Amino acid sequence: MDEDGKVDDRRLGMDRPIARRDFLNGVAVTALGLAASSTADAAPQDGGGYYPPGLAGLRGSHPGSFEVAHSLRDGKFWESAPPPVPGEDLYDLVIVGGGISGLSAAHFYREHKPGARILILDNHDDFGGHAKRNEFVLGGRMELINGGTLEIDSPRPYSRVADGLIRSLGIDPPAFEEKYGKKEVYDKIGLGRGAFFDAQTFGADKLVSGIGAKPWREVLADAPLSARAKADIIRIEEADIDYLPGLNSAQKKDKLWRISFKDYLLKIVGADPGVIPFYQASTQDEWGVGIDALSALDVWGFGANRGFQGLKLEPGSAPHMGNTPSGYADGGSYTFHFPDGNATIARLLVRRLIPGVVPGKSAEDAVRAQVNYAHLDRPGQAVKIRLSSIVVGARNIGTPAASTGVEIAYSRFGELFRVRAEKCILAGWNMMIPYICPDLPKVQKDALHYLVKIPLVYTSVAVSNWRAFQKLGVQSIYSPGCYHSTTRLNPAVDIGGYTSVRSPDDPIILRMVRVPCTPGLDERTQHRLGHADILATSFETFERKIRDQLGRMLGPAGFDPAHDITGITVNRWPHGYAYEYNPLFDPQWPPGQAPHEIGRARHGRIAIANSDSGAQAYTDCAIDQAHRAVQELLTLT
Ligand SMILES: Cc1cc2nc3c(=O)[nH]c(=O)nc-3n(C[C@H](O)[C@H](O)[C@H](O)COP(=O)(O)OP(=O)(O)OC[C@H]3O[C@@H](n4cnc5c(N)ncnc54)[C@H](O)[C@@H]3O)c2cc1C
């Protein structure tokens, strides 16, 4: 592998010019001719040609977006902070965080106070938070993919508030799914699910196909697994065996929430340990941890066979299930996704908040719209979105109980600014709030610290064609031992004049997912380590891992990583999904006493939103929590 210097960089194409080195650090300042000015009224976003969705390289938590936060966390920021630049006018509301929650909060606030002057501050160079998009030009056409938040989809039906907001933006999820979503392009040409066994983990490189379509015996025929491991995977997936005889459904569920899925396989199903490397990463995309740190009941609740089919469990949620599996066990919400994921929702919210920024009239036409970033933050407009601005302090003026306003401090391009507002909503990552508001009660700070977000990486890889996928008969590949544990062809969605790729000869974007885990540790410790891993990894390492992995998985079908990879965007989310709690490691708190409930308490004129404050990593939660935070502030005079 690469760390040992055993791969040939030239063979992999590490010397090839692709769409990433011009923007190596996610900063396009030179290429776009933009000077990184220090003043709030002449920043890069105010210049022509500023268009972050088109940037490649390290995106998501891009360089420049988080260093100040880490120095604040480490207690160093104020030691060397510059004197503040004189403040601006008073705002009615300052919102920290321009993700879906922050943008929704601005919308709800203006519903009640239409003339309100609102400033939204976000540390990234683009708005949308996790709901961002990657935009490529491939073969002369626009190809879109989500950089983070993908689907309008949740474990439970959208609330009246969240559903009402997205419908008011012109999105009708069931109708859109019917009209634009059902493009089973890859199914129609017979592409299914595959798995890649890598030599380092399994002894030999081998890709198998037909998962879900062929009997497991056929799928695994040439897999580099022992005969016992193969037989046990076939048994786990296909046999109708009751491994907990003598117990009723409720008793079985009560047993299953107490053990990890790994222990279920080893100790109750009696599987050979050789099956574990195959299943280990199968839960990472959804939960951010492997099967060592997830209860067997949660895996069952998410709808997998995997040794549960013979238990004859009654459908539906049960006590001690996690939020996501319990919701999906009861049915889930409607489902639809735009070609750029929920970035279109963020665009539609911005269109509503600041006329003229996102041209067009319908939800459909927002997909192809070229956002005019220079209009996000102009003097005199009611709502302003100021990017590259990280908030380092928010304090009530006076005591919280008798607060007369809020003073907010933010850092932008090395300078410190102060701004005053009647009220403030912190819609950013909740675990940063104790550093922004050091005068919060200790119990609230401890609660906020508890919420360790889930780290993950969504890597977008542009390739010149997908003939190898067609030849291998796969549209997605699970690769449990590899750096990225899944790879899939960009799902097809045609909407608003945007059309997805149809021919395997055409260029396309691949979505690869990496979740850095440390099996054997509790979930939150794994997330902390994963967070550090993501930020410590250079683009060069990501690139080499991607080229090596794609070459080994697809090379036998003619894929040449040196020639066929044309662009790479690594969307790093060290602070990704909101923490939803884990029945294996977290206590069951009494109602109102869970960390996110204690943590989100209003502090004087400062209210707290973000999906973290609902402990659910979903867009409807981000919207619902924005609504709650706004309602809390509206009760104040
Ligand atoms: C890779 C990925 C995939 C996902 N897929 C889905 C999906 O398919 N469906 C779904 O419903 N949900 C998904 N989610 C969950 C997603 O988090 C939510 O749906 C939603 O986008 C969260 O919105 P938010 O506004 O609460 O938080 P965020 O999107 O995180 O926005 C908060 C913003 O505040 C900023 N901020 C934080 N602190 C500060 C500060 N001090 N100063 C200034 N700005 C600050 C952050 O940088 C960020 O830009 C996904 C998340 C990730 C990471």
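Computed from a predicted model, the values in this text were never measured in an experiment.

Position of Lys132 among the secondary structure elements: in the loop between strand 3 (118–121) and strand 4 (133–138). Look at Lys132: it is buried, it has no salt bridge, and the nearest opposite charge is Asp122 at 5.2 Å. In this view, Lys132 contacts His124, Asp126, Phe127, Asn146, Gly147, Gly148, Asp340, Ala343 and Trp573; residues no more than four positions away in its chain are not counted.

Here 8 strands make up an open sheet; going across it, the order is 1-16-12-15-14-13-6-7 and the pairing mixed. Pairing within the sheet leaves two strands with one partner each, and these edge strands are strand 1 (57–60) and strand 7 (206–211). The mean angle between the axes of side-by-side strands here comes to 25°, regardless of whether they run parallel or antiparallel. With 4 bridges joining them, strand 6 (residues 192–197) and strand 13 (residues 474–478) adopt parallel strand pairing. Within the sheet, the bridge partner assigned to Ala195 lies in strand 13 and is Tyr478. Along the sheet, helix 20 (residues 523–536) contacts strand 12 (454–463), strand 15 (508–514) and strand 16 (565–577); its crossing angle with strand 12, the most-contacted strand, is approximately 40°.

Bringing the pattern of salt bridges into the picture now. The final tally for this structure, using the stated rule, is 31 salt bridges. Among the ionic pairs, Arg133 bridges to Glu135, the shortest N-O distance being 2.9 Å. Glu135 matches Arg133 in its accessibility class, with the two residues each being buried. The residue Lys442 makes a salt bridge to Asp446 at a minimum N-O spacing of 2.6 Å. In this pair, Lys442 and Asp446 both sit in helix 18 (residues 442–450), 4 residues apart, roughly one turn of the helix. Judged by its relative accessible area of 59%, Lys442 falls in the exposed class. A cluster of three or more residues bridged by salt bridges with shared partners is formed by Arg228, Asp232, Arg235 and Asp272.

For the rest of this paragraph, the subject is the confidence of the model for the chain. This prediction gives the chain a mean pLDDT of 94; 95% of its residues lie at or above 70. Here residues 21–40 is a poorly scored stretch, pLDDT under 50, and it has 50 contacts once near neighbours within four places are set aside; other chains count.

Residue alternation in strand 3 divides its side chains into two sets, Ile118 and Ile120 and Leu119 and Leu121, and both sets are buried. Here strand 2 (residues 91–96) runs beside strand 3; their pairing, made up of 4 bridges, is parallel. Bridging across to strand 3, Leu93 finds its partner in Ile118. For the crossover from strand 2 across helix 3 (residues 100–112) to strand 3, the handedness is right-handed. The sheet contact formed by strand 3 and strand 8 (residues 383–386) spans 4 bridges and is parallel. Looking across to strand 8, one finds that Ile120 is bridged to Ile385.

Looking at the ligand, there are 36 residues lining it, with Asp122, Asn123, His130, Glu151 and Trp429 nearest. Contact between the ligand and His124: an oxygen atom at 3.1 Å from a side-chain N or O atom of the residue. Contact distances for the ligand include 3.1 Å between an oxygen atom and a side-chain N or O atom of Asn610. Across the complex, the protein chains shield 97% of the 980 Å² of accessible surface that the ligand would expose by itself.

This part takes up the packing of aromatic side chains. For any pair of aromatic rings, the description rests on two quantities: the centre-to-centre distance and the angle between the ring planes. Counted by the stated rule, this structure contains 27 aromatic pairs. Here the aromatic rings of Tyr264 and Phe308 are separated by 4.9 Å at their centres, their planes lie at 15°, and the arrangement is stacked. On the criterion of sequence distance, the pair formed by Tyr264 in helix 11 (residues 261–268) and Phe308 in the loop between helix 14 (296–301) and helix 15 (323–329) is long-range, its members being 44 residues apart. Take Tyr264: its relative accessible area is 0%, and that puts it in the buried class. With relative accessibility at 3%, the residue Phe308 sits in the buried group. Seen in terms of ring centroids, Tyr410 and Phe417 are 5.2 Å apart; in terms of plane orientation they differ by 20°. Their pairing is stacked. Chaining the aromatic ring pairs together yields one cluster made of Phe197, Phe202, Trp216, Phe261, Tyr264, Phe278, Tyr279, Phe308 and Tyr478. Its end group placed over the ring of Tyr91, Arg117 keeps NZ or CZ at 4.9 Å from the ring centre.

Rules of the game
- Residues numbered from 1 in each chain as written.
- Predicted model: local features only at pLDDT ≥ 70, side-chain atom pairs only at ≥ 80, totals over all residues.
- Heavy atoms only, no water.
- Helix = DSSP H or I, 4+ residues; strand = E, 2+ residues; numbered from the N terminus.
- Buried < 20%, exposed > 50% of the residue type's maximum accessible area, 1.4 Å probe, protein only.
- Lys, Arg positive; Asp, Glu negative; His and termini not counted.
- Salt bridge = Lys/Arg side-chain N within 4 Å of Asp/Glu carboxyl O.
- Contact = heavy atoms within 4.5 Å.
- Pairing = 2+ DSSP bridges.
- Axes fitted to C-alpha atoms, helices over the stretch in contact; angles between N-to-C directions.
- pLDDT = per-residue confidence, 0-100.
- Right-handed = clockwise from strand over helix to strand, strands pointing away.
- Near = heavy atom within 4 Å.
- Polar contact = N/O pair within 3.5 Å; in protein donor to acceptor, adjacent residues only side chain to side chain.
- Areas by Shrake-Rupley, 256 points an atom, 1.4 Å probe, with all protein chains shown as cover.
- Phe/Tyr/Trp six-rings, centres within 6.5 Å; stacked < 30°, edge-to-face > 60°.
- Lys NZ or Arg CZ within 6 Å of the ring centre and 35° of its normal.

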